[in-house]
Amino acid sequence: MSWRLSHDGLREVLMVMMVAMLLLLPMVGLRTVDSSSGLGIDLHIAAVFWAVLLIGLGKKSLVAARENIPVIAYPAACVMLLSGFLAPLPTGFLEFFALAGGFICLTNAILMTLRGGRPISKNSFGEGMDVVATKIQAATPQVAWVMFAIVVALPFVFPDRYVLDVSILILTYIMLGWGLNIIVGLAGLLDLGYVAFYAVGAYSYALLAINFDLSFWVCLPLAGILAAFGGLLLGFPVLRLRGDYFAIVTLGFGEIIRVVLINWYQVTGGPDGINSVPRPSFFGLAEFTRRPSGDLPAFHEMFGLDYSSIHRIIFLYYLILVLALVVNFLSVRLRKMPIGRAWEAMREDEIACKSLGLNRTNLKLMAFMISATFGGFAGAFFATKQGFISPESFTFIESAIILAIVVLGGMGSQLGIVIATLLVIGLPEIFRDLELYRMLTFGIGMVLVMVWRPRGLLAVREPSIRLHGLHGKGAKS
Amino acid sequence: MTTPLLHVEQLTMKFGGLTAVDAVSFTAERHDITAIIGPNGAGKTTLFNCLTGFYRPTSGALTLTHDLGEYLLERMEGHQIAHQARVARTFQNIRLFEGMTVLENLLVAQHHKLMRASSFLIGGIFKLPSYRHAEEEAVMLATKWLEEVGMADKADWLAGNLPYGDQRRLEIARAMCTDPRMLCLDEPAAGLNPRESAELNQLIKNIRDQHGCGVLLIEHDMSVVMNISDHVVVLDYGKKIAEGTADEVRNNPDVIRAYLGDDEEEEA
Ligand SMILES: Nc1ncnc2c1ncn2[C@@H]1O[C@H](COP(=O)(O)OP(=O)(O)O)[C@@H](O)[C@H]1O
Ligand SMILES: [Mg+2]
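How each quantity is defined
Residues numbered from 1 in each chain as written. Chains lettered and ligands numbered in written order. Predicted model: local features only at pLDDT ≥ 70, side-chain atom pairs only at ≥ 80, totals over all residues. Heavy atoms only, no water. Contact = heavy atoms within 4.5 Å. Buried area = accessible area lost by both parts, 1.4 Å probe. Salt bridge = Lys/Arg side-chain N within 4 Å of Asp/Glu carboxyl O. Donors = N, O, S within 2.8 Å, 3.2 Å for Na, K, Ca; no water. Helix = DSSP H or I, 4+ residues; strand = E, 2+ residues; numbered from the N terminus. Near = heavy atom within 4 Å. Polar contact = N/O pair within 3.5 Å; in protein donor to acceptor, adjacent residues only side chain to side chain. Areas by Shrake-Rupley, 256 points an atom, 1.4 Å probe, with all protein chains shown as cover. Nonpolar A, V, L, I, M, F, W, Y, C, P; charged D, E, K, R; others polar. Axes fitted to C-alpha atoms, helices over the stretch in contact; angles between N-to-C directions. Parallel < 35°, antiparallel > 145°, perpendicular 65-115°, else oblique. Left-handed = near helix turned anticlockwise from the far one by under 90°.

Peer 1: Help me understand the interface of chain A and chain B in this model?
Peer 2: Interfaces are often sized by the amount of accessible area the parts lose when they come together. Taken together, the contact pairs 38 residues of chain A with 43 residues of chain B. Surface buried jointly by chain A and chain B totals about 3500 Å² across both partners, of which 66% is contributed by carbon and sulfur atoms. Its largest share of buried area at the contact with chain B, chain A owes to Lys354(A), Leu356(A) and Leu467(A), together 18% of the area lost on that side. Where chain A meets chain B, there are three salt bridges.

Written out as structure tokens, the structure is:
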């Protein structure tokens, strides 16, 4: 076993440091500042120095791991990691960079040791991940029950406003992900404007509840129906389009809805949005207020509890949980029904579908309407939870995030969407302290997933029906 | 005299300046295997695409008559032709739902029946007995066809993982699951070895004899079809150059010229 990097390895490390220096000098080293005489330039040589040093360390660790020299790989990675914690680095970003880089290098070194120095090729990595994904997929029922238990118990274990708020947010996105999954994952249509249905649901609820004084439980189905109608409206013009064209028209639809919301001032309140959207009552039996204003009693009095604002949050939490579970139940069923199989068949080969007598127009419309209904439910919930809605909540970025969740989860996998939502919504929420770097890490994470698992995290498709049972002959192959 | 299953009259299909099918007329009988042969590029696949609604013919009439009624195919949409007129087809370059299992492929073919049984959604969502029963029956029909094509043990395979010969046969089984009155096979023997090819001929004969389904068979290699077809139509450059029994066609000088002139290597 050698103690030193090979010549080529050393050259590689130096090259990387050189390139880093050339790139970072203008990008990091020179910074414009306001000065009394106009725009001035500050030199940040220290930042460049540290960055290049860290990059060099990281590369050295990677090369050492590749050449199977753990004595170099581990210390280099550890120094990098430690410097993130201890060293007085000039900027917060460098600290984060050192931490993340050190972590990656250390993982890489450990993996390399475990594999006895055999390098990890992208293929073997992919296969390894496939095996893991298949195992997770196969354990879905068990995982689902465990998750269910945790989720049901959560408000009692952590009756904490922040935890519940984040959980409600995550559950909303899971629900949206499951809804969009019908269009994208099953029917294979790239919808970039899903937020439109979400918006229709939210505004339908708000307007119906305010103008007609209807209760949440009446408005919820109405919001779903109106959103489905929106799906139908969008469905007709885009039916004949395919691929990119389809995606662009749906993108446009999402924007149109938003622009209408902004400009239809008399009805939607324009950019100011709608204030004081009615809160849901406890099934029309009680209100969640300290002193009930209407005829309904207060929730805490009804159950002989002390008043606490958390009651309403817990109620909302269970509300979205039930809504999400209903959507999950329906999606799982739909997938195993003739219509679900037809959607998947359409995703696989539209021409073959036509030759079998499948009416693609109707199938797509159905997918749109059902998916839109679910989006509408989520929208109604959003409106009642926030108590205030405005067009700003329904921008393209929302569509993009929901789509990212579906794609990241592995198109068509219910559990995959849950995991992806935890990653996409939950992680950034937990790492709120990193502030700016949050979006950066999010971007890096997405790129990495697309490089390593281009078909999503859990991209193993479970057949909708089996003839020979789960372990039937030839089921794999 | 009864009306034939399929009556093609003066069918013409033009692509810009190219006339791929040129005023072709012929009839196909209910209990016959009608072969359409001709060298590469003769317009056979284009003729099928017109019949099955993938292309709208430039002119001509296509009339299909069977126990369910009379259908003017040139006026119908592709999915109606499959669903109402009961014309099923396979493709020259196989088109299976590769990411789905063999059984799922066969169930998609029975979509309309199952959709009706699932009361369009409600019955399926709540797993009503009528729907469960219909699904069991659909699986039984699928199993029956899998046995017929000799793939009973592969129901849970992914269609894309099947060997080539199995994929060809699965496509035929899938077409048959739509309960067709006419089956159009586009070069089903292409790429098969002689043993598989012989099995395929047997399968096609069974379909004709036991399922009351007329078969329209495209083949560009003449020798393959000679012993199973009841009636042969020969196309060349979009025109019908001969028609008759296999023997009549084989000895027709125009046919010999078409094949020897343009496609020598095929006969070798
Ligand atoms: N969609 C199309 N557009 C233009 N030309 C076509 C099209 N489909 C087929 N053709 C032309 O029509 C002729 C007949 O093709 P085809 O029917 O595929 O022949 P084959 O008898 O080998 O199946 C060929 O010259 C082909 O190039
Ligand atoms: Mg052809």
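Read on, since the account is not over.
Peer 1: What is the right way to look at the coordination of the magnesium ion (ligand 2) in this model?
Peer 2: For a metal with four tetrahedral donors the ideal donor-metal-donor angle is 109.5 degrees, while six octahedral donors give ideal angles of 90 or 180 degrees. Looking at the magnesium ion (ligand 2), one finds its protein donor set to be Thr45(B) (OG1) and Gln92(B) (OE1), positioned 2.0 to 2.1 Å from the metal centre. Taken together, the positions of Thr45(B) in helix 1 (residues 44–51) and Gln92(B) in the loop between strand 6 (87–89) and helix 3 (102–108) put the pair 47 residues apart, joining distant regions of the chain.

Peer 1: Quick question: what am I supposed to make of the site of ligand 1 here?
Peer 2: Residues and elements named next belong to chain B. Neighbouring ligand 1 are the residues Phe15, Leu18, Ala20, Asn40, Gly41, Ala42, Gly43, Lys44, Thr45, Thr46 and Tyr55. Between ligand 1 and Thr46 there is a distance of 2.6 Å, counted from an oxygen atom to a side-chain nitrogen or oxygen. Separating a nitrogen atom of ligand 1 from a side-chain N or O atom of Tyr55 is a distance of 3.0 Å. Burial of ligand 1 by the surrounding chains reaches 63%, relative to a free accessible area of 560 Å². Broken down by secondary-structure element, the contributors of at least two residues to the shell around ligand 1 are strand 2 (18–28) and helix 1. With three residues, the top contributor of residues to the shell around ligand 1 is helix 1. Across the shell around ligand 1, the residue classes break down as five nonpolar, five polar and one charged.

Peer 1: It is not clear to me how the packing of helix 8 (residues 195–212) of chain A against helix 9 (residues 216–238) of chain A should be interpreted in this structure. Could you clarify?
Peer 2: Residue and element names in this part refer to chain A. Look at helix 8 against helix 9: their axes get within 8 Å of each other, and the N-to-C directions meet at 140 degrees. By the criterion of interaxial angle, the relationship of helix 8 to helix 9 is oblique. Classified by chirality, the crossing of helix 9 by helix 8 is right-handed. Contacts from Phe197, Val200, Gly201, Ser204, Tyr205, Leu208 and Ala209 in helix 8 reach Phe216, Cys219, Leu222, Ala223, Leu226, Ala227, Gly230, Gly231 and Leu234 in helix 9.

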